[in-house]
Amino acid sequence: MHGEPTLFDMAEFEREAVAATPWEGVPLQYVTAYHHPDDLAAAFERWTGEHGNFGCLMRSHMWHRSYFGRQDVAASDEAHELHMLSADTRCDLAEHDHSADPLPGGLMYQANCPPCRWHVITEHENEAVEAWHDHAMPGWRALPILPTKLSTADEKKARAAAAKWCAENYPAEWQRPGAPVITRRGPHGGRHVGGRSPFGGYDLAAPND
């Protein structure tokens, strides 16, 4: 006797198996207390293991590393590290009740310095990056601004020109691995970009006057 074929959702079985395993790490939700970025990444991986990847950023509201390019920059004295994370705290899901612990309600950014167990959370990525530089590299705001004609884009000639200008104009103590540069951008190029300094640090956009 043959009945109707049974369809098994193997992904669902796998998620149930993960959920049945005890979890003692970072709470699987939006958190503001300090946690090591590796622990935050492990918690996010655990959440996706239980619930899947579909809509995971907005459904979990959890901290995760950037999917677009490397954002970690280590200071030259090895006393500081920058790990950038983000969390989507917008929520319009009826089954989610955040009344007891309200979410900020927007995209949030965290700059995390594991050697110091220091972190800052802001609504703007640039503010988080700048706060870390204030923490790890005080004095960066007084650095000279690269002339507009110079660029730290990936083209070898442009990078070489920027490196040459920095060698001639930057204070000697700032010509070190991980140091940032400040560049004047156009009105639509105001994002701070990790790893684009000739020294391997951030290319920080100068404020538009």
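Residues numbered from 1 in each chain as written. Predicted model: local features only at pLDDT ≥ 70, side-chain atom pairs only at ≥ 80, totals over all residues. Heavy atoms only, no water.

Re the sheet that holds strand β8 (residues 203–205)
Pairing is parallel in the open sheet, where 3 strands are placed in the order β6-β7-β8. If you trace the sheet from one side to the other, it starts and ends with β6 (145–146) and β8, each paired once. With 2 bridges joining them, β6 and strand β7 (residues 181–183) adopt parallel strand pairing. Across the sheet, I145 pairs through a bridge with I182, a residue of β7. (Pairing = 2+ DSSP bridges. Helix = DSSP H or I, 4+ residues; strand = E, 2+ residues; numbered from the N terminus.)

So, the confidence of the model for the protein chain
Averaged over every residue, the pLDDT of the protein chain is 85; the share at 70 or more is 84%. Between the elements of the protein chain, mean pLDDT differs from a low of 59, seen in helix α1 (residues 10–19), to a high of 98, seen in strand β5 (residues 118–122). (pLDDT = per-residue confidence, 0-100.)

Here we look at the side chain of H64
Tracing the backbone through its elements, the reader meets H64 in strand β1 (residues 64–65). A relative accessible area of 7% means that H64 is categorised as buried. At 3.2 Å, the side chain of H64 forms a polar contact with the backbone oxygen of M62. At a separation of 2.9 Å, a polar atom in the side chain of H64 contacts the main-chain carbonyl oxygen of S86. Beyond its immediate sequence surroundings of up to four residues, H64 is in contact with F44, L57, L85, S86 and A87. (Buried < 20%, exposed > 50% of the residue type's maximum accessible area, 1.4 Å probe, protein only. Polar contact = N/O pair within 3.5 Å; in protein donor to acceptor, adjacent residues only side chain to side chain. Contact = heavy atoms within 4.5 Å.)

Digging into the pattern of salt bridges
Applying the stated criterion across every chain, the model contains 9 salt bridges. Of the charged contacts in the structure, one is a salt bridge between D88 and R90, with a shortest N-O distance of 2.8 Å. Linking K164 and E168 is a salt bridge whose minimum nitrogen-to-oxygen distance equals 2.8 Å. Pair noted here: K164 and E168 are both in helix α5 (residues 156–169), with a separation of 4 residues, about one helical turn. Taking the relative accessible area as the measure of exposure, K164 reaches 52% and is therefore exposed. Shared partners join several salt bridges into a network, and the residues in it are E130, D134 and R141. (Salt bridge = Lys/Arg side-chain N within 4 Å of Asp/Glu carboxyl O.)

Considerations on the pairing of strand β3 (residues 81–88)
Within β3, 7 of the 8 residues are buried, which leaves the element mostly enclosed by the surrounding structure. Both strand β2 (residues 73–74) and β3 contribute to a ladder of 2 bridges, which runs antiparallel. Looking at the pairing, A74 lines up with E81 of β3. Here β3 runs beside strand β4 (residues 107–113); their pairing, made up of 6 bridges, is antiparallel. When the sheet's bridge partners are listed, M84 is paired in β4 with A111.

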